[in-house]
Amino acid sequence: DPQQLELATSSKRKLRRFIVIDEVVDELYGSKVREYFEENNVQHKILALPTTEETKSMDLVLNILQEVQNFSIDRRTEPIIAIGGGVCLDIVGLAASLYRRRTPYIRVPTTLLSYVDASVGAKNGVNFLQCKNKLGGYTPPVASFLDRSFIQSIPRRHISNGLGEILKMALMKHKGLFDLLKSHGKYLLDTKFQSYSGSADHGDAALQTTRIAIETMLEELAPNLWEDDLDRLVDFGHLISPELEMRVLPSLMHGEAVNIDMAFMTYVAHARGLITAEEKEQIIQCMRGLELPVWHGGCSWPLIKRALMERLKHSGGQPRMPLPTGLGVAEIFNDTSEETLKRAYKLWVRD
């Protein structure tokens, strides 16, 4: 907005920004971030914090708010900036939503998972009583700034972790995205989602996959931002995984737990006759190609039953189970019998 820009640049008051950055990201990019604010003559405070699933708590939110209060920001014109992975974006989003009832904030995702998942939508939150994201709210950021160059410094396993959420959108909504992942998965892992001029054989697979993943996610979330409708295709992979992820912390990353859930649900879809044996195999092979786990010993039958009971409690008494009905198409089901689930589980464990 030219008017706002003129107001900001002509103002006698110096621009000020409060930035929360994940401590690992700070080690890698902190000097560049500080240089950026100094060159643009912005008074700034950078708070580097350990943002992991284990530290994702109300305590950390209150630490941030104490520092925000000390810095004394203007809640209308000085957005808080979060630079980090999904946990960092979630924590800062919640802190901003609580400060003076709602302070604007900006998301800058630095992992593949947060780039395609946490950067999109309105949700924020923290873990509570060993339950994932039990406390939180719906406050969208004023902006998300997407820069894939951050992804080049994350370990290969983290790339794979992000591919789990991209695969979710492919299986639910986009056969073309599924084909891209099948053909270019290894290349994307090898190149860490960077775009190179010499990659003609692959088109710009990194740009295409991230763009389609984000667009399909937005299509699903935008009309239902506050989850008034609990039938959500984006919940695929999120029925059993929250229970599993919290139970085995820190051995599974979020995208890995989601993928294990999706692998089991692929067997459920097959057991129900929704997909063929060949389609099931294609999905599992694609997961393996993306170097994602397709099974975990912690995912026992009692855990699955407990997770599905939790699901019923929080989804209006219906399981609302998203299942693939082909490659890139899906529906939500409320009538999967325990017998079908058990049969699918036995086949899954056997394979």
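Residues numbered from 1 in each chain as written. Predicted model: local features only at pLDDT ≥ 70, side-chain atom pairs only at ≥ 80, totals over all residues. Heavy atoms only, no water.

The chain carries the name ARO1 protein in an unreviewed UniProt entry, which gives Fregata magnificens as its organism. UniProt, in the comment section headed Cofactor (unreviewed entry), describes the chain in these words: "NAD(+)". (UniProt positions renumbered as here; feature names shortened; annotations may be inferred.)

**Student:** Before we go on, may I ask you to explain the overall build of the chain in this structure?
**Tutor:** Of regular secondary structure, the chain possesses 13 helices and nine strands. Here the C-alpha atoms of the chain give a radius of gyration of 21 Å, agreeing with the 20 Å that 2.2 N^0.38 yields for 351 residues. The C-alpha extent of the chain, read off along each of the three principal axes, is 70 × 50 × 35 Å. In the chain, buried positions account for 53% of the 351 residues. For the chain, the share of sequence-separated contacts (at least 6 apart) that also reach a separation of at least 24 residues comes to 75%. With 42 positive and 45 negative side-chain charges, the chain shows a separation of 3 Å between the mean positions of the two kinds. (Helix = DSSP H or I, 4+ residues; strand = E, 2+ residues; numbered from the N terminus. Rg over C-alpha atoms; globule rule 2.2 N^0.38 Å. Buried < 20%, exposed > 50% of the residue type's maximum accessible area, 1.4 Å probe, protein only. Contact = heavy atoms within 4.5 Å. Lys, Arg positive; Asp, Glu negative; His and termini not counted. Charge placed at Lys NZ, Arg CZ, Asp CG, Glu CD.)

**Student:** I keep staring at the domain arrangement of the chain and nothing clicks. Help me out?
**Tutor:** By a widely used convention, the size of an interface equals the accessible area lost when the partners come together. You can read the domains of the chain as domain 1 (11–152) and domain 2 (155–223 + 232–350). Across the contact, 20 residues belong to domain 1 and 29 residues belong to domain 2. Summed over the shared surface of domain 1 and domain 2, the number is two salt bridges. Of the charged contacts in the structure, one is a salt bridge between Lys134 and Glu310, with a shortest N-O distance of 3.9 Å. There are four residue pairs in polar contact (both at pLDDT 80 or more) connecting domain 1 and domain 2. (Domains from an automatic or database assignment. Salt bridge = Lys/Arg side-chain N within 4 Å of Asp/Glu carboxyl O. Polar contact = N/O pair within 3.5 Å; in protein donor to acceptor, adjacent residues only side chain to side chain.)

**Student:** Hey, could you run me through the packing of helix H3 (residues 58–71) against helix H4 (residues 86–98) in this one?
**Tutor:** For any two helices packed against each other, the geometry is given by the interaxial angle and the distance between the axes. Two elements in contact, H3 and H4, have axes separated by 9 Å at closest approach and are oriented at 60 degrees. By the criterion of interaxial angle, the relationship of H3 to H4 is oblique. Once H3 is placed against H4, the crossing between them reads as right-handed. Between H3 and H4, the contacting residues are Met58, Leu60, Val61, Ile64 and Leu65 on the first element and Ile91, Val92, Leu94, Ala95 and Leu98 on the second. Of the residues assigned to the contact of H3 with H4, the class counts are 10 nonpolar, no polar and no charged. (Axes fitted to C-alpha atoms, helices over the stretch in contact; angles between N-to-C directions. Parallel < 35°, antiparallel > 145°, perpendicular 65-115°, else oblique. Left-handed = near helix turned anticlockwise from the far one by under 90°. Nonpolar A, V, L, I, M, F, W, Y, C, P; charged D, E, K, R; others polar.)

**Student:** Looking at this structure, I do not really get the pairing of strand S2 (residues 43–49). What am I missing?
**Tutor:** Side chains on a regular strand alternate between the two faces of the sheet. Inspection of the sheet shows strand S1 (residues 16–22) paired to S2 by seven bridges, in the parallel sense. From the neighbouring strand, Phe18 faces S2, where its bridge partner is Lys45. Traced from S1 through helix H2 (residues 23–39) to S2, the parallel crossover comes out right-handed. (Pairing = 2+ DSSP bridges. Right-handed = clockwise from strand over helix to strand, strands pointing away.)

**Student:** Is there a simple way to explain the pattern of salt bridges in this structure?
**Tutor:** Inspection of every chain in the model, using the stated rule, returns 29 salt bridges. The partner of Arg16 in a salt bridge is Glu78, and the shortest N-O contact between them spans 3.0 Å. Of this pair, Arg16 sits in strand S1 while Glu78 sits in the loop between H3 and strand S3 (80–84), and the two are 62 residues apart along the sequence. Judged on exposure class, the residue Arg16 and its partner Glu78 are both buried. With its nearest N and O atoms 3.1 Å apart, the salt bridge here joins Asp179 to Lys175. In this pair, Asp179 and Lys175 both sit in helix H7 (residues 175–191), four residues apart, roughly one turn of the helix. Among the charged side chains, a salt-bridge network with shared partners connects Lys123, Glu227, Arg232, Asp235 and Arg311.

**Student:** Got a minute to help me understand the pairing of S1 in this structure?
**Tutor:** Burial within S1 is extensive, with seven of its seven residues counted as buried. Alternating residues of S1 divide into Arg16, Phe18, Val20 and Asp22 and Arg17, Ile19 and Ile21, and every residue in both groups is buried. As judged from the four bridges shared by S1 and S3, these two strands associate in the parallel manner. Across the sheet, residue Val20 finds its bridge partner in S3, namely Ala82.

**Student:** Explain H4 to me, please; I cannot follow it from the model alone.
**Tutor:** Count 3.6 residues to each turn of an α-helix, and residues three or four apart come out pointing the same way. Between the first and last C-alpha of H4 there are 18 Å, a value that for 13 residues agrees with the 18 Å anticipated at 1.5 Å per step. The buried count for H4 comes to 11 of 13 residues, which makes it a mostly enclosed element. The set of residues buried in H4 consists of Val87, Cys88, Leu89, Asp90, Ile91, Val92, Gly93, Leu94, Ala95, Ala96 and Ser97. Of the residues one or two after H4, Arg100 is the one with positive phi, at around 50 degrees. (Expected span 1.5 Å × (residues − 1).)

**Student:** Would you take a moment to explain the sheet that holds strand S7 (residues 143–144) for this structure?
**Tutor:** The strands that make up a sheet are held in pairs by hydrogen bonds between backbone atoms, and each pair lies either parallel or antiparallel. Taken in spatial order, the five strands make up an open sheet running S2-S1-S3-S4-S7, and their pairing is parallel. The outermost strands of the open sheet, each flanked by one partner alone, are S2 and S7. Packed on one face of the sheet, H2 meets S1, S2 and S3 and runs near 160 degrees to S1. Each of S1, S3 and strand S4 (105–109) touches H4; the most contacted strand, S3, lies at about 165 degrees to it.

**Student:** In this structure, what is going on with H2? I would like to understand it.
**Tutor:** With 17 residues, H2 extends 22 Å from end C-alpha to end C-alpha; this agrees with the ideal 24 Å at 1.5 Å per step. Considering bend angle alone, the principal kink of H2 is centred on Tyr29 and spans about 70 degrees. Turning to H2, its buried residues number three or more, namely Val25, Asp26, Tyr29, Gly30, Val33 and Phe37. Buried residues in H2 make contact with S1, S2 and S3. (Bend = angle between axes of the 7 residues up to and from the residue.)

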